[in-house]
Amino acid sequence: MALIDEILATNENFCANLPEEYRAYEHEDHHDSKIPIKKLAILTCMDTRTTLFLEPAMGIKRGDAKIIKTVGNCVTGLFDTAVKSLMVAIYELGVKEIMIVGHYECGMQKTTSESLTNAMLSRGVSPYAIKMVEKELTEWADSFKDPEQNVRDVVKLLKNDPLIPRDVKVHGLMFHPRSGKLNLVIKDE
């Protein structure tokens, strides 16, 4: 069975036998349920080890926060996709605090523009396509060396981003994907 077929079959069974704890969601207010209760956005890594681990480790439940995941919790510019998501969270959904959550043992530490280029070429991506993004690829992939420093860099970038209002607090944390421990890197006062 293909993975997509497995997921769709699981979903059909899930919906047919909706567990009690999820039945309340059928009647929640469409508008209000989109607003994060804690007025919080979390920008974190897409690492699979954080799934169903980071949120409970932070005490975050359904409806509490907007969760934005990118590779290495990276922000590469003043108007990249993560910033666009944060703008909607702030200006449309009332977010007042942002937490940048990196994690130890991040695979992005080993990623380079060269490793990505070689992998893309081996999978049939044209050299011309790679050349079109070479500068951005190098600036992004080769700048990530240390996950904690990346958290500091992202906090600084967002605190200085002219599209993010000064009254939004931006904190930085590190998460351990095996123990669940959070370490404070930067607390925005």
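This text goes with the structure placed above it.
So, a few notes on the structure that sits alongside this text.

Right, let's talk about the overall build of the chain for a bit. A count of helical and extended segments in the chain gives 8 helices and 5 strands. Starting at the N terminus and ending at the C terminus, the chain contains elements arranged as α-α-β-α-β-α-β-α-α-α-α-β-β. Along the three orthogonal principal directions, the C-alpha set of the chain runs to about 50 × 50 × 35 Å. Counted over contacts in the chain with a minimum sequence separation of 6, partners at least 24 positions apart contribute 73%. When the accessible area of the chain is evaluated, it comes to approximately 11800 Å², of which 57% is carbon and sulfur surface.

Another point: the pairing of strand β5 (residues 182-186). The pairing of strand β4 (residues 169-175) with β5 spans 4 bridges and is classified as antiparallel. If you follow M174 over to β5, its bridge partner there is N183. With antiparallel pairing between neighbouring strands as the criterion, β4 and β5 make up a hairpin whose turn holds 6 residues, including G180 at a positive phi of roughly 85 degrees.

Most often, soluble globular proteins keep nonpolar side chains buried together rather than apart. Core analysis: the biggest nonpolar cluster contains 22 residues, and L43, L86, I98, I100, L158 and I164 have the highest contact counts within it. Secondary-structure elements contributing two or more residues to this core are β1 (40-45), α4 (81-91), β3 (97-103), α8 (147-159) and β4. Residue contributions to this core peak at 6 residues, all from α4. Once residues lying within four places of it in the same chain are set aside, the contact partners of I98 are L40, A41, L86, I90, L158, V168, K169, V170 and H171. Ranked by size, the runner-up nonpolar core spans 10 residues in total, among them L54, M58, I60 and M99.

This brings us to the sheet that holds β5. In spatial order, the strands read β2-β1-β3-β4-β5; together these 5 strands make up an open sheet with mixed pairing. At either margin of the open sheet sits one strand with a lone partner, and together these are β2 (65-70) and β5. When strand polarity is set aside, the average angle formed by the axes of neighbouring strands in this sheet is 25 degrees. Sheet strands in contact with α4 are β1, β2 and β3, and its direction is about 175 degrees off that of β2. Along the sheet, α8 contacts β1, β3, β4 and β5; its crossing angle with β4, the most-contacted strand, is approximately 170 degrees.

Conventions adopted
Residues numbered from 1 in each chain as written. Predicted model: local features only at pLDDT ≥ 70, side-chain atom pairs only at ≥ 80, totals over all residues. Heavy atoms only, no water. Helix = DSSP H or I, 4+ residues; strand = E, 2+ residues; numbered from the N terminus. Contact = heavy atoms within 4.5 Å. Areas by Shrake-Rupley, 256 points an atom, 1.4 Å probe, with all protein chains shown as cover. Pairing = 2+ DSSP bridges. Core = buried A, V, L, I, M, F, W, Y, C linked by side-chain atoms within 4.5 Å. Buried < 20%, exposed > 50% of the residue type's maximum accessible area, 1.4 Å probe, protein only. Axes fitted to C-alpha atoms, helices over the stretch in contact; angles between N-to-C directions.

Shape is all these values report; function is a separate question.
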